[in-house]
Amino acid sequence: LKSALRTTDTVARLADRSFAALIENIADGSRVEAVAAKMQAVVSLPLIVEGRELFLTSRIGIGLSSSEMKDAAGLLDLATQAVNQARTEGYVIYGVPGLSAPAPASIP
């Protein structure tokens with residue numbers, strides 16, 4: 001995931017299969033969309049493990065700060081809700097109005 005971000009951005013593992021990226025100074029929704037799409041593309045690249053090609057899937061939930069929501073816990077809650085909504089509605093990227101990427105048929 002780090003390769004999909006700028007050097008000023010931060011990515012961290014939160015749990016076994018959960019990561020968070022802190023991306024500061026995003027000017028508009030199109031930049032958020034570009035970063036999320038790039039992260040999705042990086043995760044979906046095939047891996048070779050013991051001579052076998054493996055493909056990973058992921059879901060990205062976005063929590064944007066606002067005048068009402070600036071604390072870390074609140075932003076993580078927003079992103080977690082967006083991931084859960086993505087899973088329920090069949091998206092791989094979710095959390096910004098107008099920004100949703102449908103999941104391919106291979107993602108359960």
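Residues numbered from 1 in each chain as written. Predicted model: local features only at pLDDT ≥ 70, side-chain atom pairs only at ≥ 80, totals over all residues. Heavy atoms only, no water.

### Some thoughts on the layout of surface pockets
- Each pocket or cavity is described by its volume, and for the largest pocket that value is around 1800 Å³.
- Around the largest pocket, the lining is made up of 45 residues, and of these Phe19, Ala20, Ala21, Ile60 and Gly61 lie nearest the centre.
- Counting residues per element, the ones that place at least two in the lining of the largest pocket are strand 1 (10–15), strand 2 (18–22), helix 1 (29–43), strand 5 (60–61) and helix 2 (72–89).
- Residues of the lining of the largest pocket, tallied by class, amount to 28 nonpolar, nine polar and eight charged. (1 Å grid on protein atoms, 1.4 Å probe; cavity = no way out; pocket = protein on both sides within 12 Å on 5 of 7 lines; lining within 4 Å. Points joined across faces, edges and corners; volume = space filled by probe spheres on them. Helix = DSSP H or I, 4+ residues; strand = E, 2+ residues; numbered from the N terminus. Nonpolar A, V, L, I, M, F, W, Y, C, P; charged D, E, K, R; others polar.)

### Topic: the confidence of the model for the chain
- Mean pLDDT over the chain works out to 82, with 88% of the residues at or above the 70 mark.
- Across the chain, element-level confidence peaks in strand 4 (residues 52–54) with a mean pLDDT of 94 and bottoms out in strand 7 (residues 99–102) with 66. (pLDDT = per-residue confidence, 0-100.)

### Describing the nonpolar core
- Counting residues in hydrophobic clusters, the biggest one holds 11 residues: Ala4, Leu5, Val32, Val35, Ala36, Met39, Ile60, Ile62, Val92, Ile93 and Val96.
- When residues of this core are traced back to their parent elements, those giving at least two are helix 1 and strand 6 (91–96).
- Among residues more than four places away in sequence, those in contact with Ile60 are Ala36, Met39, Gln40, Val83, Val92, Ile93 and Tyr94. (Core = buried A, V, L, I, M, F, W, Y, C linked by side-chain atoms within 4.5 Å. Buried < 20%, exposed > 50% of the residue type's maximum accessible area, 1.4 Å probe, protein only. Contact = heavy atoms within 4.5 Å.)

### Observations concerning helix 2
- In this model, helix 2 (18 residues) spans 25 Å end to end at C-alpha, consistent with the 26 Å of a helix rising 1.5 Å per residue.
- For helix 2, the full list of buried residues reads Gly74, Leu75, Ala79, Ala82, Val83 and Ala86.
- If you follow the buried residues of helix 2, they end up packed against strand 5 and strand 6.
- Of the residues flanking the end of helix 2, it is Gly90, one or two places downstream, whose phi is positive at about 85°. (Expected span 1.5 Å × (residues − 1).)

### Remarks on the pattern of salt bridges
- Counted by the stated rule, this structure contains one salt bridge.
- Here Asp9 and Arg6 are joined by a salt bridge, their closest N and O atoms 2.7 Å apart.
- You can call Arg6 partly exposed: its relative accessible area is 29%. (Salt bridge = Lys/Arg side-chain N within 4 Å of Asp/Glu carboxyl O.)

### Some words on unusual backbone geometry
- The phi torsion at Glu50 lies on the positive side, around 50°, for a residue other than glycine.
- Following the sequence through the fold, Glu50 ends up in the loop between strand 3 (47–49) and strand 4.
- Under the relative-accessibility criterion, Glu50 is labelled exposed at 80%.

### Here's the deal with the side chain of Asp9
- Looking at the element boundaries, Asp9 is found in the segment before strand 1.
- In this structure Asp9 comes out as buried when scored by relative accessible area, which is 9%.
- Of note is the side chain of Asp9, whose polar atom sits 2.7 Å from the side chain of Arg6.
- Asp9 has contacts with Leu22, Ile23 and Glu24, leaving out every residue within four places of it along the chain. (Polar contact = N/O pair within 3.5 Å; in protein donor to acceptor, adjacent residues only side chain to side chain.)

### Points about the pairing of strand 1
- Direction of pairing for strand 1 relative to strand 2: antiparallel, over a ladder of five bridges. Bridge pairing links Thr10 to Leu22 in strand 2. (Pairing = 2+ DSSP bridges.)

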